Amino acid sequence: MFRGVTASRPCPAVRPFLLFLCAVAALGLACRNRETAGPAAEQTFRFRIREDPPTLDPARAIDQLSEAVLFRLFRGLVELEPATMTVRPAVAESWTVSEDRLTYTFRLRDDVYFHNGRKVTARDVAWSYRRLLSPATKSPRRSILEPLAGAAAFARGATTDLPGLTTPDDRTIALRLEKPFAPFLSALTLMNTAILPAEVYEDPGEAYLRAPVGCGPFHFVRWEQSNFIELAAFDRFYGGRPSIDRVVVRIIENHQGALQEYLAGGLDSLDEVPEDDDPLAAALGDEILRYPFIGTEFIGFNHAVAPFKGNAALRQAFNYAVDKEYFHKTRHGNPMANGIIPPGAPGHDPSLPGYPYDPEKARRLLAQAGYPGGRGLPPITLWYNTAESLNQDMQKIQLDLKQIDVNLTLQSVDWAAYIAAIEGTPVRPGQAPMYRFGWSLDYPDAESILRPLLHSANAGPAGNYSRYANPRVDALIDEAMGLVDDAARAERYMEAQRIAVMEDAVWLFLSYYESKTLFKPWVKGVVTTPLGEFRIPIERLRIEKGSS
């Protein structure tokens, strides 16, 4: 999933996983406190995102700003336990998998309601899945459901028949795959597969973009553009009403302004934390939570345009020219990346050589690429989204490349302009020749980073913004997806990564993420997760002012 800024939060990094708190126990404690203490003050949890979410349509969301809100409003058949990353029931109370691993049959709970008061049925699941796959929706994540029998033709608009999706009764839905796909259950935990009410989302005017309706623990209240988004506890949530009565998502672009708001008590949590060498970090002490986060930060090359098209030597030169240790030691302390797959995901290879800092080797490769001493190489623009925390990092990359006589221009733009510059269309590449990017895994399988970002079938808005295409890598990813044996699947991932990294230098590799998040001491029930701070379950929190 998209990472906009490289906060210390992490670019996904490692485990051991942390122990998680029991949601039922937390909820029960909150209820007992209210019973014994009488009417309690409203519990409001306030956190910050840096700008308005690009979308509140689950089918179209590909970034963490959108998911920061969507995960509060929506639920799918299954979900990931945040701490352990295991798949557990959500709207489905149970499921079975056939011996040939082709048919997944889900039994729905009987107590799930949409925020508009209507009960959720299997027909809603089927409608939501068809909408995700429909070419009219233009979902960049429809590949999640493409393993379904008939999904490829349906997604192309070639047929309205979808034999891989059936609803035997109101509480049963059966999903049949074309061939085994090992991470299928994990893929169904993605927010894009959230269950939607057709009567709301069939609106041609798309009013749901400003008033989303789901079946999650909180319901939408209002959105004041560039100011805040307000949510409220959903009394009929199947998991029990949250202790938090109201969630206010503050939209604060400036990091220092957000930090001052946190220090003044206007925020209960903050995603960007002072650097370790900042005296303020020591003063905040236990308010800083540190935990694993699986993801990778990199600079993408546009393989469809000059000068990077067909020039692996040039891409390798750029990799050797940048001092990644600087970012590790001086900036955020995140581990240096030697490849694509982060620690904690099957297929991570600590023995992969990667690209250590070697300016002399970079100069030799630059000459081999046809640009000795940088001659003949036009200025190249590096695009990144507007964020104070990124400016210094991008300037360092610019300076390092200048040392090998490469002129790099920096282009910082808002999120919408940035996305437009990198994704292009399925047939036309984006205008950015280089772009800073981060991707966190949605579930602990390397497929969730390799397939969207490297497979040629996903070129463009589907995730492969670099337009990278290598038939050997495609074949290895495709083969791994059908392997049930974890070790065999990891071997294919490692081989695909070796080709993309060491032969093709698909990206300029920077770091693996680690998380740091600020929480006020009165926020109780925090369950940290390798999925990142915006996936910490707010429905498990409670506010105990006066606590330490």
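Residues numbered from 1 in each chain as written. Predicted model: local features only at pLDDT ≥ 70, side-chain atom pairs only at ≥ 80, totals over all residues. Heavy atoms only, no water.

## Side note on the pairing of strand E15 (residues 408-413)
Within a regular strand, the side chains alternate between the two sheet faces.
Thinking step 1. With six bridges connecting them, strand E14 (residues 380-385) and E15 associate as parallel partners. Across the sheet, the residue bridging to Tyr 384 is Ser 412, located in E15.
Thinking step 2. In this region the chain leaves E14, passes through helix H12 (residues 388-402) and returns to the parallel neighbour E15; the handedness of that crossover is right-handed. (Pairing = 2+ DSSP bridges. Helix = DSSP H or I, 4+ residues; strand = E, 2+ residues; numbered from the N terminus. Right-handed = clockwise from strand over helix to strand, strands pointing away.)

## Some points on the sheet that holds strand E10 (residues 228-233)
Thinking step 1. Reading across from one edge, E2-E11-E10-E9 is the order of the four strands in this open sheet, with mixed pairing throughout. The sheet terminates laterally at strand E2 (44-49) and strand E9 (218-224), the two strands that pair on one side only. This sheet shows a mean twist of 20° between the axes of neighbouring strands, independent of strand direction.
Thinking step 2. Of the strand pairs in this sheet, E10 and strand E11 (residues 246-251) are connected by five bridges, and their pairing is antiparallel. (Axes fitted to C-alpha atoms, helices over the stretch in contact; angles between N-to-C directions.)

## Side note on empty space enclosed by the protein
Thinking step 1. If you walk through the whole model with that rule in mind, you get seven cavities of 30 Å³ or more.
Thinking step 2. Considering only enclosed or pocket space, the largest cavity measures out at about 250 Å³ in volume.
Thinking step 3. Every residue lining the largest cavity is counted, 21 residues in all, and those nearest its centre are Phe 71, Arg 75, Glu 79, Leu 80 and Arg 535.
Thinking step 4. Those elements giving two or more residues to the lining of the largest cavity turn out to be helix H2 (64-73) and strand E3 (78-80).
Thinking step 5. In terms of residues, the lining of the largest cavity owes the most to one element, E3, which gives three residues.
Thinking step 6. Per-class residue counts for the lining of the largest cavity are eleven nonpolar, three polar and seven charged. (1 Å grid on protein atoms, 1.4 Å probe; cavity = no way out; pocket = protein on both sides within 12 Å on 5 of 7 lines; lining within 4 Å. Points joined across faces, edges and corners; volume = space filled by probe spheres on them. Nonpolar A, V, L, I, M, F, W, Y, C, P; charged D, E, K, R; others polar.)

## Concerning the environment of Ala 233
Thinking step 1. As for its position among the elements, Ala 233 is in strand E10.
Thinking step 2. Between the alpha carbons of Ala 233 and Phe 220 there is a distance of 9.1 Å; along the sequence they are 13 residues apart.
Thinking step 3. For Ala 233, the residues in contact, after removing those within four places along its chain, are Pro 217, Phe 218, His 219, Arg 241, Pro 242, Ile 244 and Asp 245. (Contact = heavy atoms within 4.5 Å.)

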